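Observations on chain architecture
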Amino acid sequence: MKSFGSKPWILPQPVLIIGTYNGNGEPNAMNAAWGGTWDANEIMISLGSHATTENLNLHNGEFTVAFATIDNVIASDFVGIVSAKNDPDKMLKTGWTAEPAPNVDAPLFKEFPMTMECRIKQKIDESATGFYLIAEIVNVLCNESYLNEAGNPDVEKMGIISYEPCNHKYIELGKIVGDAFSIGKNLK
């Protein structure tokens with residue numbers, strides 16, 4: 001086996017689109033890959049120093065988290081490499097449609113199939129370079145065209161992408177390969 005040393009190569013990594021409002025109430029978004037489930041109704045995200053981190057302080061730590069898809073991969077990458085601090089037309093260039101989220105003071109981007117409404121519960125190791133945040137998931141919203149027959153989100157329909165950090169690529173998540181908490185019973 002080839003050794004690569006210490007790398008942040010957890011696979012797959014989500015492509016999370018963090019939605020906030022700036023001080024003028026205008027929508028902003030950024031791409032964040034270092035995040036995941038923290039507890040049953042909480043998530044964790046590692047954030048550097050961005051316009052988004054400033055916006056979180058202005059709006060009581062409320063934000064949305066959407067899951068990037070193959071349909072919006074270009075604009076999703078764009079919001080990760082361009083700062084609203086440097087490009088005032090950043091959000092216009094994405095072509096995304098923002099509307100107020102129903103339960104938090106943050107934008108909901110209609111082009112994403114599923115979005116979480118969140119509120120910061122705790123910041124860890126806050127410094128000039130950023131912080132880790134633990135956030136409560138207030139609500140999960142899913143466009144009805146992405147629901148399965150049982151009325152639950154159908155991730156296979158969404159075309160969600162993940163970030164592949166080893167080679168800096170985006171990968172579309174694939175097909176269902178088995179039922180969790182079930183197929184392993186075959187080995188009992």
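Above this text you will find the structure in question.
Below is a summary of the structure that appears in this document. (Residues numbered from 1 in each chain as written. Predicted model: local features only at pLDDT ≥ 70, side-chain atom pairs only at ≥ 80, totals over all residues. Heavy atoms only, no water.)

**Remarks on the overall build of the protein**
From N to C terminus, the protein includes 4 helices and 12 strands. Across its three principal axes, the protein shows a C-alpha extent of roughly 55 × 45 × 30 Å. With 188 residues in all, the protein has 41% of them scored as buried. Considering only residue pairs separated by 6 or more positions, the protein has 57% of its internal contacts joining residues 24 or more positions apart. Accessible area of the protein: about 11200 Å², with a carbon and sulfur share of 53%. With 14 positive and 23 negative side-chain charges, the protein shows a spacing of 8 Å between the two charge centroids. (Helix = DSSP H or I, 4+ residues; strand = E, 2+ residues; numbered from the N terminus. Buried < 20%, exposed > 50% of the residue type's maximum accessible area, 1.4 Å probe, protein only. Contact = heavy atoms within 4.5 Å. Areas by Shrake-Rupley, 256 points an atom, 1.4 Å probe, with all protein chains shown as cover. Lys, Arg positive; Asp, Glu negative; His and termini not counted. Charge placed at Lys NZ, Arg CZ, Asp CG, Glu CD.)

**A look at the nonpolar core**
Side chains of a nonpolar character, in soluble globular proteins, are inclined to be buried together. Residues Ile18, Ile43, Ile45, Leu47, Phe63, Val65 and Leu133 are the most contacted members of the largest nonpolar core, which totals 22 residues. Other than its neighbours up to four places away in sequence, Leu47 contacts Met30, Ala32, Thr53, Leu56, Thr129, Gly130, Phe131 and Leu133. Counting residues in hydrophobic clusters, the runner-up holds 17 residues, among them Ile17, Ala33, Phe112 and Tyr163. (Core = buried A, V, L, I, M, F, W, Y, C linked by side-chain atoms within 4.5 Å.)

**Remarks on helix α1 (residues 51-58)**
By the burial criterion, the buried members of α1 are Ala51, Thr52, Thr53, Asn55 and Leu56. Packing partners of the buried residues in α1 comprise β2 (16-21), β3 (27-32), β5 (42-48), β6 (62-67), β9 (114-127) and β10 (130-142). Following α1 by one or two positions, Asn60 has its phi on the positive side, about 55 degrees.

**Observations regarding the environment of Val79**
Here Val79 lies in helix α2 (residues 73-81). The spacing of Val79 and Ala98 is 19 residues in sequence and 14 Å in space, taken between C-alpha atoms.

**Section: the pairing of β3**
In terms of burial, β3 is largely enclosed, as 5 of its 6 residues are buried. By the bridge criterion, 6 bridges tie β2 to β3 in an arrangement that is antiparallel. Across the sheet, the residue bridging to Leu16 is Ala32, located in β3. Joining the antiparallel neighbours β2 and β3 is a turn of 5 residues, in which Gly25 adopts a positive phi near 80 degrees. (Pairing = 2+ DSSP bridges.)

**Re the sheet that holds strand β12 (residues 169-172)**
Within a beta sheet, neighbouring strands are joined by backbone hydrogen bonds and run either parallel or antiparallel to one another. Taken in spatial order, the 3 strands of this open sheet run β1-β11-β12, and their pairing is antiparallel. What marks the edges here is a single partner per strand, and that holds for β1 (13-14) and β12. Across 2 bridges, the pairing between β1 and strand β11 (residues 161-164) is antiparallel. By the bridge assignment for β11, Gln13 is matched with Tyr163.

**Some details on the pairing of β12**
Bridging between β11 and β12 involves 4 bridges; their strand directions are antiparallel. Residue pairing across strands places Ser162 opposite Ile171, the latter belonging to β12. The hairpin formed by β11 and β12 contains 4 residues between the paired strands, and His168 there has a positive phi angle of roughly 55 degrees.

Taken by themselves, the reported measurements are silent on function.
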